[in-house]
Amino acid sequence: MGCEEVTHSRPLFLTIYTVVIVGIVVSSLYVFSAIYSSGSTNPSAKWSSFPPLSTMVHAVPSPPPEPQNVWTRPLLDVPPRNQKMPPLKDFRLTKELVQQRVKDNIIIVTFGNYAFMDFILTWVKQLNDLGLSNYLVGAMDTKLLEALYWKGVPVFDMGSHMSTIDVGWGSPTFHKMGREKVILINSILPFGYELLMCDTDMVWLKNPLPYIGRYPEADVLTSSDQVVPTVVDDSLEIWQEVGAAYNIGIFHWRPTESAKKLAKEWKELLLADEKIWDQNGFNEIVHRQLGPSVDEDSGLVYAYDGNLKLGIFPSSIFCSGHTYFVQAMYQQLRLDPYAVHTTFQYAGTEGKRHRLREAMLFRDPPEYYNPSGGFLSFKPSIPKSLLLSGKHTIGSHFTLVNYQMKQIRTALAIASLLNRTLVMPPLWCRIDRLWFPHPGVLEGTMTRQPFLCPLDHVFEVNVMLQELPEEAFGPGIDIREYSILDNPSLPSQVKKSWLDVHLCKEGTQDCHASNNTSVGGVLKFPKHSNEEMFMKVFSSLKDVKVIQFSSMQDAFTGFTDKAREDRFRNRVKRYVGIWCCVMDHTPGHIYYDMYWDEKPGWKPIPPQTSADDHPPW
């Protein structure tokens, strides 16, 4: 039967075959004539603009493309400014809207208000770099919605009417944002799509969807605040050993009946009591029943109502602010992290930004990498004994930090004097910082001693970036993260405009106050220089983008103007925070002191009474 069909169809087959061959020959002649007839000296330019072969072979014209809307156009395809923004009703959350972005039945969602726009753009950029397009951003205020629309970000209106300013942790507005998240989950799950829900203060480092696909039976997969690893590979945490809270900053929901039932009860709980923190409410409900294991291998556990299948992402690769920035757990276990969430940190939203910037994970505008006035940098000097010798105690920790702090204080003064942006040095600590009493390093964690600690462990980053009245605190001093000079986003013109300053002992060869640089862009500059000497030498070097000192030890003797010196002191005294917390003592925190070296007998001890419990300024 099959042979007869081929025989009967042979004339038709030959006809089609002949047409195709002729088409290819004609197309080839057209290609070669297009290349050689123009006389262009760049044939590759013709190839790049030539239509693909498939468009030439088909005789039937393709149907015109469907008009693109705010959700279906290519990602970050900025709409023309001469067109009007669609009406607000077009941005309502609907199944059709989500359907435009879903891929493999999964949608990735974050949300926020205008104050977190830079976090959202960072979140979007990382997903784009990973080749992921199945995401949406919920706007809690109209200002953010409009701004994201004009940047080409797929956005929808949450109808929250939220304030556009930053909200403090634990504030009523903060709790309102948490409830909006739960309402959003309840809105999306009935659409039938899997939901990967994220806070805006987290960053994706690797495509998580293949990992999630390893657990098709899971109703919910959640991150946690676990700081002690229960596994050393990339499998789910051993649920029986997880003692920390489940963290709802990163979690995945499948639209199963059990998951929808959980989401509904969670929402009802929060709406009934505005004082309940959304994360606490989630943990309370999920832990209502925990166990037994779903099976022997997957790591999933029955939770909530006994039917919900729950899995806990490993904290080594779905990282918290502690496992990533303090422990660097993924490095020690030789694993590739999927995400980092800026938890376990201090100094508020500014501290979160700074941590991501230190890790070169934050998206900043070009001007951030090329500030007016240029950069001031220095190589910190730390004796080996301060880092490694003796026990890691509160005393040895403060000795190490104070040694670095004094150099930073000098650098801040020179940066203020020269009106330059100070590149903060990497900061070393010997013991951890937490909110509660601890022995220096939590038992079972992988925190190394010493370790490169985030700036917010010692410095109040939010205060350093705050605009303080100049009449009381002197001119502002801008700062950048220690890694900025290695950041690929640093413009080449900044990298090329570099001057190394080597401190030298006055009176030795070529060590005198002069702005003449030697071979290789090196300037020898005397130690113990005063304000006039700095201005004499560096006032003519304002166009140099980066000035890097070999050291800050004994580099500057202080401001000539006592009033300016007082204002500077008033400012930088507020730049340092606390270490926390001493065991068996209330209060247990110890204040850092920027001018510790001017107080004979200074010791790192907590306030002895409530009257003593105040910063040293």
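A brief report on the enclosed structure follows. (Residues numbered from 1 in each chain as written. Predicted model: local features only at pLDDT ≥ 70, side-chain atom pairs only at ≥ 80, totals over all residues. Heavy atoms only, no water.)

Within a sheet, neighbouring strands are paired by backbone hydrogen bonds and run either parallel or antiparallel to one another. Strand order in the open sheet formed by six strands is S17-S14-S13-S20-S18-S19, and the pairing between neighbours is parallel. Two strands bound the open sheet, and with one partner strand each, they are strand S17 (479-480) and strand S19 (522-526). As paired elements, strand S18 (residues 498-504) and S19 share five bridges and run parallel to each other. Along S19, the bridge assignment pairs Asp500 with Val522. Sitting on the sheet, helix H15 (residues 394-418) touches strand S13 (375-378) and strand S14 (421-423), and the angle it makes with S13 is about 155 degrees. Across the sheet, helix H19 (residues 531-538) touches S18, S19 and strand S20 (546-549), and the angle it forms with S19 is around 160 degrees. (Pairing = 2+ DSSP bridges. Helix = DSSP H or I, 4+ residues; strand = E, 2+ residues; numbered from the N terminus. Contact = heavy atoms within 4.5 Å. Axes fitted to C-alpha atoms, helices over the stretch in contact; angles between N-to-C directions.)

This paragraph deals with helix H20 (residues 562-572). Turning to H20, its buried residues number three or more, namely Arg564, Glu565, Phe568, Arg571 and Val572. Looking down the long axis of H20, one finds its buried residues gathered within 125 degrees of arc, a one-sided arrangement. Looking at the buried positions of H20, the neighbouring elements they touch are H15, helix H17 (470-473) and H19. The opening residue of H20 is Asp561, an N-cap whose side-chain oxygen sits 3.0 Å from the backbone nitrogen of Ala563. (Buried < 20%, exposed > 50% of the residue type's maximum accessible area, 1.4 Å probe, protein only. Arc of directions from axis to C-beta. Polar contact = N/O pair within 3.5 Å; in protein donor to acceptor, adjacent residues only side chain to side chain.)

Moving on: the nonpolar core. Ranked by internal contacts, the top residues of the largest apolar core, which has 58 residues, are Leu412, Phe459, Phe525, Phe538, Phe549, Tyr575 and Met594. Tallying contributions element by element places H15 first for this core, with 11 residues. By size, the runner-up hydrophobic cluster in this structure holds 43 residues, among which are Tyr193, Val286, Tyr304 and Leu308. (Core = buried A, V, L, I, M, F, W, Y, C linked by side-chain atoms within 4.5 Å.)

By the bridge criterion, four bridges tie S18 to S20 in an arrangement that is parallel. Within the sheet, the bridge partner assigned to Leu499 lies in S20 and is Ile547.

Attention now moves to the side chain of Asn402. You can see Asn402 is positioned in helix H15. Among residues more than four places away in sequence, those in contact with Asn402 are Trp596 and Trp602.

What follows concerns the state of the cysteines. With the rule as written, the count across this model stands at three disulfides. One disulfide in the model links Cys429 with Cys453; its S-S distance is 2.1 Å. Measuring the twist about the S-S bond at about 65 degrees, one finds the Cys429-Cys453 disulfide to be right-handed. Of this pair, Cys429 sits in strand S15 (residues 427-429) while Cys453 sits in strand S16 (residues 451-453), placing them 24 residues apart in sequence. Overall, Cys429 belongs to the buried group, its relative accessible area being 1%. The class of Cys453 is buried, set by a relative accessible area of 3%. Disulfide partner of Cys504: Cys511, at an S-S distance of 1.9 Å. Measuring handedness by torsion sign, the sulfur bridge of Cys504 and Cys511 sits at about 90 degrees and is right-handed. The buried category is assigned to Cys504, whose relative accessible area is 10%. According to the relative accessible area criterion, Cys511 is buried, its value standing at 4%. Cysteine pairing for the protein (bonded cysteines numbered in sequence order): 1-2, 3-4, 5-6. (Disulfide = S-S within 2.5 Å.)

Our next topic: the packing of H15 against H19. With their axes 11 Å apart at the nearest point, H15 and H19 run at an angle of 55 degrees to one another. Taken as axis vectors, H15 and H19 run oblique relative to one another. Considering the relative orientation of H15 and H19, their crossing is right-handed. Contacts from Ile414, Leu417 and Leu418 in H15 reach Glu531, Phe534, Met535 and Phe538 in H19. Here the contact of H15 with H19 is composed, by residue class, of six nonpolar, no polar and one charged. (Parallel < 35°, antiparallel > 145°, perpendicular 65-115°, else oblique. Left-handed = near helix turned anticlockwise from the far one by under 90°. Nonpolar A, V, L, I, M, F, W, Y, C, P; charged D, E, K, R; others polar.)

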